[in-house]
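So the chains spell out like this:
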4 protein chains.
Amino acid sequence: MELLDFEGVISATLTPTVDLREKMAELVEFHLRNGVRGFFVLGTTGEGAKLGRERRAEVAEAAVEAAGSKGLVIIHVGSSDIDTVLWLAKHAARIGAHAVSAVAPFYYRYDSQSLINFYQTLANTVDIPVLLYNNPGRQGYSIPFEELSRILETVRPRLGLKDSSGDPDILLQAIQRYGGERFLASGGDHLMAYSFIIGYRAHISSLATIYPEIAAGIHRYVRDGRIEEALRLQNLLNRVRAILKKIGPDLASNRYALLRRGVDIGGPIPPTRQLTEQEAETLDRLLPREEEIAVKP
Amino acid sequence: MELLDFEGVISATLTPTVDLREKMAELVEFHLRNGVRGFFVLGTTGEGAKLGRERRAEVAEAAVEAAGSKGLVIIHVGSSDIDTVLWLAKHAARIGAHAVSAVAPFYYRYDSQSLINFYQTLANTVDIPVLLYNNPGRQGYSIPFEELSRILETVRPRLGLKDSSGDPDILLQAIQRYGGERFLASGGDHLMAYSFIIGYRAHISSLATIYPEIAAGIHRYVRDGRIEEALRLQNLLNRVRAILKKIGPDLASNRYALLRRGVDIGGPIPPTRQLTEQEAETLDRLLPREEEIAVKP
Amino acid sequence: MELLDFEGVISATLTPTVDLREKMAELVEFHLRNGVRGFFVLGTTGEGAKLGRERRAEVAEAAVEAAGSKGLVIIHVGSSDIDTVLWLAKHAARIGAHAVSAVAPFYYRYDSQSLINFYQTLANTVDIPVLLYNNPGRQGYSIPFEELSRILETVRPRLGLKDSSGDPDILLQAIQRYGGERFLASGGDHLMAYSFIIGYRAHISSLATIYPEIAAGIHRYVRDGRIEEALRLQNLLNRVRAILKKIGPDLASNRYALLRRGVDIGGPIPPTRQLTEQEAETLDRLLPREEEIAVKP
Amino acid sequence: MELLDFEGVISATLTPTVDLREKMAELVEFHLRNGVRGFFVLGTTGEGAKLGRERRAEVAEAAVEAAGSKGLVIIHVGSSDIDTVLWLAKHAARIGAHAVSAVAPFYYRYDSQSLINFYQTLANTVDIPVLLYNNPGRQGYSIPFEELSRILETVRPRLGLKDSSGDPDILLQAIQRYGGERFLASGGDHLMAYSFIIGYRAHISSLATIYPEIAAGIHRYVRDGRIEEALRLQNLLNRVRAILKKIGPDLASNRYALLRRGVDIGGPIPPTRQLTEQEAETLDRLLPREEEIAVKP
């Protein structure tokens, strides 16, 4: 699958903690059935940074096995240390992932020349496309657009971008400067409709792994010029997002919300604690029922 | 060496990038000669989080070999994933480190119950003492004192604490509540004199790895009741700290400052870039000369 | 003029520091000529908070005199003290302003019940419409949407809203919940096209006071379904915005940019310093030329 | 009273909302009886920024009348607009205040040249000493020490400083550079013992207006070299501070805490809401009893 040809929603896929291969296949089916055929695996939602490299390799294998022939599979290989990044990237390329992505290296702050070193080393190491994943809240520092731009234009071959800055101005500049020639994906679910409206062809969505039909619906409505309906779905998505962020650790509540929809991928990855009973009950009360999720064609 | 008996400055030791064993030995000698006999290895200053686990293991071995019989060696094993933390902790215990420490897990935020899970798992894995390393700026979230306290009192056996919160109130509460019964070390070099004054017996100092005599001097002066002289050294230390933070990436300028003092441990760990020539010249101009560093006995 | 009937761009009008009446009239003409007929006077861009109440009253009078019969005039009466807010609001009502607005009281943080007290007192004091102006960066604290909502639904008669939170989720929730029934204006110029797309009828724009044709163009293009052209203007606006924020104090560079366009309203209000010569030259070089600003019909 | 001769604790005096003259006199007596004879009136704790200028003038008069002959009276005249600052400063000088102070102008951010304009204009307007009050949390921006320093050294006659930055490094630099030659007061109650230890002769204390004996005790103990006892009081002060910040709006809970000690100065200044009954009960339960406050001589 050609990265630049992809159009639609990419799910920031959750990582099963039980029966890995089987559950990953079930989760992928759940996505495909609901209109999502792109997978961003082991990213922030997929909790890659919480797993040792061998475990990450197993998850990547399960994802490629389940989805590699049916959709787009991007493996997130970001880490605070570049040794691990390169080890994971080589593995992902070897098993047939379509692309790898790495969040800007975290724990320390890096200036743009250091980031160029980082992404150039990564791009030199694998033959598949590489995406810079910009997530200031997780990496711990912002990268102004002029620096992002310098990195994108210096690193060879042509780096792609997943931007989760939450900054509408960065999203707009990126699409106007690089649209069509680079693979660009927006992130940040509250900006999904906006991103499609301003011209993004791909959005990597955290909530698509739980509510794929809502995310796919937003994409389809915008594509068809039905902006008002897209915005109603966007508002629904925002409500769900606020609930999941508020009740319990979101890395646990995401799994619970998916369980309620019939897909049981196991409890949270340690050390994240389980939901309390009270939190689960609150989620039962607040989360939308299936009939509220149903998206009109 | 008993952790609770240790008194003085612990150096947040820099990590050589060339001739590891030889350079680590040289660096340890430099510390001992200048009054510092504690070593916090592979922490924030030591750039542990930037190295793959095998390289971290080698650095830990070099440190224990060079300093294990002459001082206190604490290996920092923090990571965003607990698999790596446990792997490193087991290794550190096996090679004879005196203690391990882990920064609160980063990339995601964790609540206190999740942190209890984390530190309890770590404490269950090794027989040597374990220190919680609280560094909000690096881990990405604050831990209020009541939560720190809950963690310290829940995790068995008795967890120690390295607090780099920069919050004088947390430092004071910790020493008044746990002083004498737990191993407590302050961090944050601008609070070094203050920490010793309020009763800390150990301070883990970033700048001690470059200017051990200044750090050791602050400790000695406070111990001897020569507060005014301690504060003059503290002010000198703060000036150096401001310069190193301002000129170039500090992970590169720290190494350069040490080189100027005659200890060459190699250039920055990738992807951090080298200093530019201009930055090096600025540091030459701004950093104190040897005669300014000399500490009166 | 009925507030709810207004549609289009409202300029966050700059405040002349010389020849007040004459210059205000000139500035109003410049706006009308370029498609902007709404005026938000003495707000953040208009520097109301920097002027004593008598001076604010004079500026309000000049604005009502120049624009009251030709457009919509909203006087910003926000202050850290409610005595001044009420004094200014009574004055604005007396001279014939169409509405008053007050930023959430600043210097201290206030919870929602305290904010209800504030806006209810203000609404009780004047007979003209009142707008809550939400600007977290200036007031110093965020108001979550559920609190905004509680305030809007408690204070009688129906409070309007100017939201400059910069949060696309708050903008979307507000328009979906209160659109049509309340006067709602978006703020934050980088979200102007987005706001009109999601259904806002009014946007209060900082840059409209310097580049009214660009702001009016964005509104017109969105209204006419020419999204791509709207987004190109939005991107141009964002570039100008970034330049004005970066070079010199923006309260001085805004005036200089307007001067370059032929409207001289005098230098910065003390204590803001003048631009240096070098800053002025940099602005000359970076700001768009008149032919770049021209908006196609 | 000569400013430079003053030594001890200065109370950031609360402002009575009933029976102004009588209650201010009672509050002043309460301070004097408990070892505090300095008064910083209408500052952050005194809620100056929430009152119209006429009301501020009345409060200043009540304070000078009650305390002018028995202690040091500094009137805070800070505002977002310089017109009000100058009006209040002239009034304070006229009624016999010993000094005026102004927080760095808020609502907007100002660079150091603009701040020099501000403080120079203020210093030119009155004949009594002027203090720069640096409170990043309230003014909305930080002033690095080199900029503070530039302001202090440029504005004539010699500006004093109240530093509430909460930054131990700024406190240390200021006292080492300007100690003895300028009037310097530390702020930030959690740094009170630290400030006296590093050489400050005056600390402006928020909690001294409720617990003057604790604040005065910290000063006395440090002066007498009884550091351990000073730190115990500091810890007690920190506990009270945490409670008052946590339960209810602190501008209401401060008044309630004082009421519980027998001094009734009236309820909160609008729009700050009243405490709920539950908040009052929680405070009753958590705040220290009189016997816990008693300070040994």
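Below is a short write-up of the structure. (Residues numbered from 1 in each chain as written. Chains lettered and ligands numbered in written order. Predicted model: local features only at pLDDT ≥ 70, side-chain atom pairs only at ≥ 80, totals over all residues. Heavy atoms only, no water.)

## Quick word on the relation of the copies chain D and chain C
Laying chain D over chain C is done by rotating through 180° and shifting 0.0 Å along the axis; what remains is an RMSD of 0.0 Å. The transformation relating the two chain copies, once decomposed into turn and shift, fits a two-fold axis. The C-alpha atom lying nearest the rotation axis in chain D is that of D:G140; the distance is 3.5 Å. By residue overlap, the copies meet face to face through one surface: 100% of the interface positions of chain D are interface positions in chain C. (Least-squares fit on C-alpha atoms with pLDDT ≥ 70 in both. Contact = heavy atoms within 4.5 Å.)

## Details of the interface of chain B and chain A
Every contact between the two is made by 36 residues of chain B and, on the other side, 36 residues of chain A. Of the roughly 2,900 Å² buried between chain B and chain A on both sides combined, carbon and sulfur atoms contribute 54%. It is B:Y107, B:Y108 and B:P271 in chain B that bury the most area against chain A; as a group they hold 29% of the surface buried on that side. Our count for the contact surface shared by chain B and chain A stands at four salt bridges. Among the salt bridges present, the one from B:D111 reaches A:R273, with a minimum N-O distance of 2.6 Å. The interface formed by chain B and chain A holds 24 residue pairs in polar contact (both at pLDDT 80 or more) in total. Of all the elements, helix α4 (residues 112-125) of chain B adds the most residues to the side of chain B that touches chain A, at four residues. Here the residues of the side of chain B that touches chain A are counted per class, giving 15 nonpolar, 10 polar and 11 charged. (Buried area = accessible area lost by both parts, 1.4 Å probe. Salt bridge = Lys/Arg side-chain N within 4 Å of Asp/Glu carboxyl O. Polar contact = N/O pair within 3.5 Å; in protein donor to acceptor, adjacent residues only side chain to side chain. Helix = DSSP H or I, 4+ residues; strand = E, 2+ residues; numbered from the N terminus. Nonpolar A, V, L, I, M, F, W, Y, C, P; charged D, E, K, R; others polar.)

## Some remarks on the interface of chain D and chain C
Counting residues at the interface gives 35 residues for chain D and 36 residues for chain C. Between chain D and chain C, the buried area comes to about 2,900 Å², and carbon and sulfur atoms account for 54% of it. Of all residues in chain D, D:Y107, D:Y108 and D:P271 bury the most surface against chain C, accounting for 29% of the area lost on that side. Along the contact surface separating chain D from chain C lie four salt bridges. Our count for the contact surface shared by chain D and chain C stands at 24 residue pairs in polar contact (both at pLDDT 80 or more). At the level of elements, α2 (53-67), α3 (82-95) and α4 (112-125) of chain D are the ones that each hand at least two residues to the side of chain D that touches chain C. The residue makeup of the side of chain D that touches chain C, split by class, is 15 nonpolar, nine polar and 11 charged.

## Thoughts on the relation of the copies chain B and chain A
Laying chain B over chain A is done by rotating through 180° and shifting 0.0 Å along the axis; what remains is an RMSD of 0.0 Å. Here 100% of the interface residues in chain B have copies in chain A that are interface residues too; the copies meet face to matching face.

## Focus on the pattern of salt bridges
Counted under the stated rule, the structure contains 89 salt bridges over all chains. B:R239 is the salt-bridge partner of D:D169, the closest N and O atoms lying 3.3 Å from each other. Pair noted here: D:D169 is in helix α7 (residues 168-178) and B:R239 is in helix α10 (residues 227-246), and the two residues belong to different chains. Judged by relative accessible area, which is 11%, D:D169 ranks as buried. Look at B:R239 and you get partly exposed, because its relative accessible area is 26%. With a shortest N-O distance of 3.8 Å, C:E153 and C:R177 are connected by a salt bridge. Here C:R177 lies in helix α7 (residues 168-178) and C:E153 lies in helix α6 (residues 145-154), a separation of 24 residues in the sequence. In this structure, a network of salt bridges that share partners links the residues A:R53, A:E54, B:R53 and B:E54. (Buried < 20%, exposed > 50% of the residue type's maximum accessible area, 1.4 Å probe, protein only.)

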